[in-house]
Amino acid sequence: MPDNVANSPLLEVDDLRTTFTIPTGDVKAVRGVSFTLDRGRTLGIVGESGSGKTVLARSIMRLNLGTNVTTTGTAAFDGNDVLTRSPSEMRQLWGSEMAMVFQDPMTSLNPLVRVQRQVTEHLCRHLNLNRSEARQAAVDLLREVRIPDPDTRLRSFPHELSGGMRQRVCIAVALACEPSLLFADEPTTALDVTVQHQILNLLSREQADREMAMVLVTHDLGVVAGRTDDTMVMYAGTVAEYAPTVSLFADMRHPYSEALMRSIPLTSFPSHTRLAAITGRPPDLIDPPTGCAFSPRCPYVQDHCVNEAPPLVEIDDPAHRLACWTPVGSPEALTAFEKNLAAGLPQAVAVDVSTTWSPTGGVDG
Amino acid sequence: MIVLARRLVQLVAVVLAATFLTFTAMNTLGDPLFNVVGFVAAVDCDAVEAGEIEDISGQGGTSLGDCAVVAEAREEFHLNEPLPIRYGRWVGDLIRGDFGTSFKNRMPVSTVLADRLPKSLLLMGMAEVFAVALSVPWALAAAYRANRAMDRASTIGAFGMLALPNFALGVILFYFFVVKWQIFPSRFEDDNLAVRLKSLVLPALTLGMPLAATYFRLLRTDLITTLQEDFVVMAKAKGLSNRWIMFRHALRPSMFSLVTVFGLNTAALIGGALIVEQIFSIPGLGRALVEASIRDDYPVVLGATVVIATGFVAINFAVDLVYSYLDPRVRRES
């Protein structure tokens, strides 16, 4: 990568909006997301299914296929907007500068093509390697992602590999051309728990060794903890909270972040502890609520929340940004919670009966 | 090897079943002697012998002499034996490589088949080559820009080609290319391969165009499904060209229905091109089969049945081999 641009951010996303037009209306999957990512840094994007995290990643990669997608805003990669590039310019970028590891390694490798071609086909294209050089590069890559006996594995078909192996192959594919930005879209969701950890460690190690920027998309707060520099919590296509991962975990301010945290079962819980699930469902993105999108499920909801959407503003720590009228731990939140509990609001009651958690002190134990 | 053995058993079973049904039907529905000895075959010779029916020899009618001819022919073709025994005899001959002789001109059936089959196979091959050569690029182009103008026009065109019956298309082509512009010969010419191929162009087109439309529809639909797969998104994310993705990633997983239907159609074409063979005067197997059926010339019909049934099994075996070539997951450990 050229040194003269090294001090500008690698990725600068500004007011990105992605809409899918379907027969019943326009699904506003991403509704104005802005963030920057420096070279070699890592960002975790966390949110439940349908929060727009995958669509956001694919929008920046320009990989939302289909003719019914519109993306507005800017996503500057190395200072140039990705969204206005031509298809052939994108093909120069894909694989060589920006790469992606997908959610399901069972379906993201072509079942009819041997591993060797799947690992080498873009090497030949981007790096102008000949067959034997590409093969050697593939062997090295497989070795690097800790696949035993790479020579044999190159001749295998994907169905002959386990899920974890396949995801390692996908990572090898993504890393092959030394991209400066890697998107990992729920890379461990489809894998066994025992394998998840290995894959995440592999990604972290490769990211560090290659000084590559990485965006790790996940629904699991536990995955980003200790693995990413920054964390962005997304809800209903918007940013709920954005902070350095360390300060986010130290001081979680958005009720949604807190609710995600609360729903992680801990081994320290006594057995048969009722897990504090988030009541209700994510909002309809064809016709999203005018106020805070989380308000229908928020235990601290007050009238103001329903009427006006909170802006994303910096709070005490300038790197910590939050979109909430009643941040967790604030006096307003406590008052609102007691009022909601008295009124019998299900989301407040659900929190109250959960013995593992208290509205003032976060997770006990 | 086990696969091959299983296929051979299947082949034998299919051929036996098909020929037994054909044999029974041909013998029950018509009198094969009619074509050997003429109208006398219909006369009740027992009654003539017993004097119940008047002997009208000398007046072009039935005589005891004619009855002797009938009896002799019966003997020769073993028609006085029960049906199962005759079928058994036929199968025995078949195993020894003897297909019997045609009732029509006493030609060996094997000669008839050897004369007719190559022409039918050539026609079948050309028709399928045309169909595939037309449909595959067409489907790739349409699926690549699915639901755009070109795709929509293609769909209408394909339905048009499917709706136009064989005989209509054949006659239209015949009129323009043979009668009006005289580009192609009006009947099958057999001098050398080039001439043979030339005289089969129009019939192969007639057969191939509706096939192409079918293949186009199947392949286009499957391609569109495949193009939604994760591995296509991943291929795109690797920066591969669209052409590479279409040909090297999407085409192969999309070919299964096409291969299945291709096999069925090809097998059906072995003896099933009779209308086209009629229009373009090609002495193929289809026409031989029709002519023989009308005459109750069952040795020829049975011979053709054997060939067609064998072809069916062989082509379906080939289709299975193609499946395992296409998809490593169905490959057996050999």
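This text goes with the structure placed above it.
Residues numbered from 1 in each chain as written. Chains lettered and ligands numbered in written order. Predicted model: local features only at pLDDT ≥ 70, side-chain atom pairs only at ≥ 80, totals over all residues. Heavy atoms only, no water.

Peer 1: Account for the packing of aromatic side chains, naming residues and giving values.
Peer 2: All chains considered together, the criterion is met by 16 aromatic pairs over all chains. Aromatic pair F23(B) and Y298(B): ring centres 5.3 Å apart, planes at 70°, arrangement edge-to-face. Of the two residues, F23(B) is situated in helix α1 (residues 2-29) and Y298(B) in helix α15 (residues 298-326); the sequence distance between them amounts to 275 residues. Aromatic rings pair up to connect F20(B), F23(B), Y87(B), W90(B) and Y298(B) into one cluster. Just above the ring of Y242(A) sits the side chain of R321(A); from NZ or CZ to the centre is 4.6 Å. If you follow R248(B) out to its NZ or CZ, it ends over the ring of W244(B), 4.8 Å from the centre. (Phe/Tyr/Trp six-rings, centres within 6.5 Å; stacked < 30°, edge-to-face > 60°. Helix = DSSP H or I, 4+ residues; strand = E, 2+ residues; numbered from the N terminus. Lys NZ or Arg CZ within 6 Å of the ring centre and 35° of its normal.)

Peer 1: Please set out the pattern of salt bridges residue by residue, giving values where relevant.
Peer 2: Within the structure shown, the criterion is met by 25 salt bridges over all chains. Of the charged contacts in the structure, one is a salt bridge between K238(B) and E121(A), with a shortest N-O distance of 2.9 Å. Placement of the pair is K238(B) in the loop between α10 (230-237) and α11 (242-250) and E121(A) in helix α3 (residues 115-127), with the two residues belonging to separate chains. Judged by relative accessible area, which is 4%, K238(B) ranks as buried. For D190(B), the salt bridge identified is with K119(B), shortest N-O distance 3.8 Å. In this pair, D190(B) sits in the loop between α8 (166-180) and α9 (193-226) while K119(B) sits in helix α6 (residues 109-144), placing the two residues 71 residues apart along the sequence. With a relative accessible area of 38%, D190(B) lands in the partly exposed category. Judged by its relative accessible area of 9%, K119(B) falls in the buried class. Where salt bridges share partners, they join D115(B), R116(B), K119(B), D190(B), R196(B), R287(B) and E291(B) into one cluster. (Salt bridge = Lys/Arg side-chain N within 4 Å of Asp/Glu carboxyl O. Buried < 20%, exposed > 50% of the residue type's maximum accessible area, 1.4 Å probe, protein only.)

Peer 1: How would you summarise the environment of A350(A) if you had to cite specific residues and measurements?
Peer 2: Its place among the elements puts A350(A) in helix α13 (residues 346-353). Between the alpha carbons of A350(A) and L83(A) there is a distance of 43 Å; along the sequence they are 267 residues apart.

Peer 1: With reference to specific residues and values, describe the state of the cysteines.
Peer 2: Residues and elements named next belong to chain A. For the coordinates displayed, the defined rule picks out zero disulfides over all chains. Left without a disulfide partner, C292 is nearest to the cysteine sulfur of C305, which lies 6.2 Å away. You can call C305 buried: its relative accessible area is 6%. (Disulfide = S-S within 2.5 Å.)

Peer 1: I'd love a proper account of the interface of chain A and chain B, names of residues and values included.
Peer 2: Facing 29 residues of chain A, the contacting portion of chain B comprises 24 residues. Taken over both partners, the interface formed by chain A and chain B buries close to 2400 Å², and the fraction arising from carbon and sulfur atoms is 63%. By the criterion of area lost to chain B, the three top residues of chain A are L65(A), L112(A) and E121(A), representing 25% of everything that side buries. The interface formed by chain A and chain B includes one salt bridge. With six residues, the top contributor of residues to the side of chain A that touches chain B is α3(A). Partitioned by chemical class, the residues of the side of chain A that touches chain B number 13 nonpolar, nine polar and seven charged. (Contact = heavy atoms within 4.5 Å. Buried area = accessible area lost by both parts, 1.4 Å probe. Nonpolar A, V, L, I, M, F, W, Y, C, P; charged D, E, K, R; others polar.)

Peer 1: Hey, could you go over the sheet that holds strand β4 (residues 69-77) of chain A for me, with residue numbers and the actual values?
Peer 2: Residues and elements named next belong to chain A. With respect to topology, four strands assemble into an open sheet ordered β2-β1-β4-β5, the strand pairing being antiparallel. Two strands bound the open sheet, and with one partner strand each, they are β2 (25-37) and β5 (80-81). Looking at chain direction, strand β1 (residues 11-22) and β2 are connected through 10 bridges and run antiparallel. Paired with T18 across the strands is V30, a residue of β2. Against the sheet, helix α1 (residues 53-61) engages β1, β2 and β4, with an angle of about 110° to β1. (Pairing = 2+ DSSP bridges. Axes fitted to C-alpha atoms, helices over the stretch in contact; angles between N-to-C directions.)

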